[in-house]
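This is what each chain is made of:
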Amino acid sequence: MHDLAAGVAHFQQDVFPAKAGLFARLATTHRPHTLFIGCSDARVVPELITQQEPGELFVIRTAGNLVPAYAPGDEGVGASIEYAVAALGVSSVVVCGHSACGAMTALAEGHDLTDLPAVARWLRHADASLARSARSARSARSAGADGDAAADRVGALIRDNVSAQLANLATHPSVARALAAGTLALHGWVYDIPTGTVEDFAPAA
């Protein structure tokens, strides 16, 4: 807690005064341009990666950057998506996966999650991701491609998971309406922690 308190003091004394005008505007204005759905992993900081100011990103962070498909009565993630798209009118949504993702590693390597039952239940939202990766692996083998190393499996699942979560995202009514109206664009990213690079790819069918 000492480090956090010291950080707050630094913010109040040194950072806030330089941005006082920005925070004065933000006190009465909330118009982010992008909904950023990323992983809860502490190494993935959306505002740092994108170099955006406060107020520019509406951020949802979940384990494995998972987006449950729309279901009536769903709350939490679904409510945040609806608010960002229908109320705030964001023009873009980014679903961002990342290298060395613990959630995707657990799934790709078949970790025993018996002692983490809530995590195991949550990761069921990645069932479609696992199915995509299995199809991709079969296609690669039939094409004669080599390589089935653990790192390859995890990396492939991370990317396939982003595509699957974009598909889940599109099932939300607010997102579907905005896509149909041409007012919203979806993007899939994979952030590589050791190099700082970001792969941007279009949603896959």
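Residues numbered from 1 in each chain as written. Predicted model: local features only at pLDDT ≥ 70, side-chain atom pairs only at ≥ 80, totals over all residues. Heavy atoms only, no water.

J.: Got a minute to help me understand helix α9 (residues 173-181) in this structure?
T.: For an α-helix the count is 3.6 residues per turn, leaving residues at separations of three or four pointing the same way. Among the residues making up α9, those that are buried are S174, V175 and A178. Across the axial projection of α9, the buried residues extend over an arc of 95 degrees, all falling on one side. Facing away from the buried side of α9 by more than 90 degrees, the exposed set consists of R177 and A180. Within two residues after α9, G182 carries a phi angle of roughly 75 degrees, on the positive side. (Buried < 20%, exposed > 50% of the residue type's maximum accessible area, 1.4 Å probe, protein only. Helix = DSSP H or I, 4+ residues; strand = E, 2+ residues; numbered from the N terminus. Arc of directions from axis to C-beta.)

J.: Is there a simple way to think about the sheet that holds strand β2 (residues 57-62) in this case?
T.: Backbone hydrogen bonds are what pair the strands of a sheet, in a parallel or an antiparallel way. Sheet architecture is open: five strands sit in the order β2-β1-β3-β4-β5, paired in mixed fashion. Every interior strand has two partners, whereas the edge strands, β2 and β5 (198-201), have only one. Within the sheet, the average angular offset between the axes of one strand and its neighbour, ignoring direction, is 20 degrees. With six bridges connecting them, strand β1 (residues 34-39) and β2 associate as parallel partners. Its bridge partner being in β2, C39 is matched across the sheet by T62. Strands β1 and β2 of the sheet are contacted by helix α4 (residues 77-87), whose axis makes an angle of about 165 degrees with β2. (Pairing = 2+ DSSP bridges. Axes fitted to C-alpha atoms, helices over the stretch in contact; angles between N-to-C directions. Contact = heavy atoms within 4.5 Å.)

J.: Would you mind showing me how to read the nonpolar core here?
T.: Inside soluble globular proteins, nonpolar side chains tend to come together where they are buried. Ranked by internal contacts, the top residues of the largest apolar core, which has 32 residues, are L35, I37, I81, M104, L169 and L184. Looking at this core, the elements with two or more residues in it are β1, β2, α4, β3 (92-98), α5 (102-108), α8 (150-169), α9 and β4 (185-191). A per-element tally of this core places α8 first, with six residues. The contact partners of L184, leaving out residues within four places of it in the chain, are V85, V90, S91, S92, V93, V175, A178 and L179. Formed by six residues, the second largest nonpolar core is a distinct cluster that contains V44, C96, W189 and Y191. (Core = buried A, V, L, I, M, F, W, Y, C linked by side-chain atoms within 4.5 Å.)

J.: Teacher, can you tell me more about the pairing of β5 here?
T.: The two faces of a sheet get side chains in turn, since along a regular strand they alternate between them. Relative to β5, β4 is paired through four bridges, and the arrangement is antiparallel. From the neighbouring strand, W189 faces β5, where its bridge partner is D200. Between β4 and β5, which pair antiparallel in sequence order, lie six residues; one of them, G196, sits at a positive phi of approximately 75 degrees.

J.: Help me understand unusual backbone geometry in this model?
T.: Trans peptide bonds make up the majority, and among non-glycine residues the majority have a negative phi. Despite not being glycine, Q51 shows a phi value in the positive range, around 55 degrees. Tracing the sequence through the fold places Q51 in the loop between α3 (46-50) and β2. Taking relative accessible area as the criterion, Q51 reaches 60% and is therefore assigned exposed. Phi at N65 is positive, roughly 45 degrees, even though this residue is not glycine. Looking at the secondary structure, you find N65 in the loop between β2 and α4.

J.: Can you help me understand α4 in this one?
T.: Along α4, the positions that sit buried rather than exposed are V77, G78, I81, A84 and V85. For α4, the angular spread of the buried residues around the axis is 135 degrees, confining them to a single face. Positive backbone phi, at 70 degrees, marks G89, one or two positions downstream of α4.

The quantities given are spatial measurements derived from coordinates; they are silent on function.
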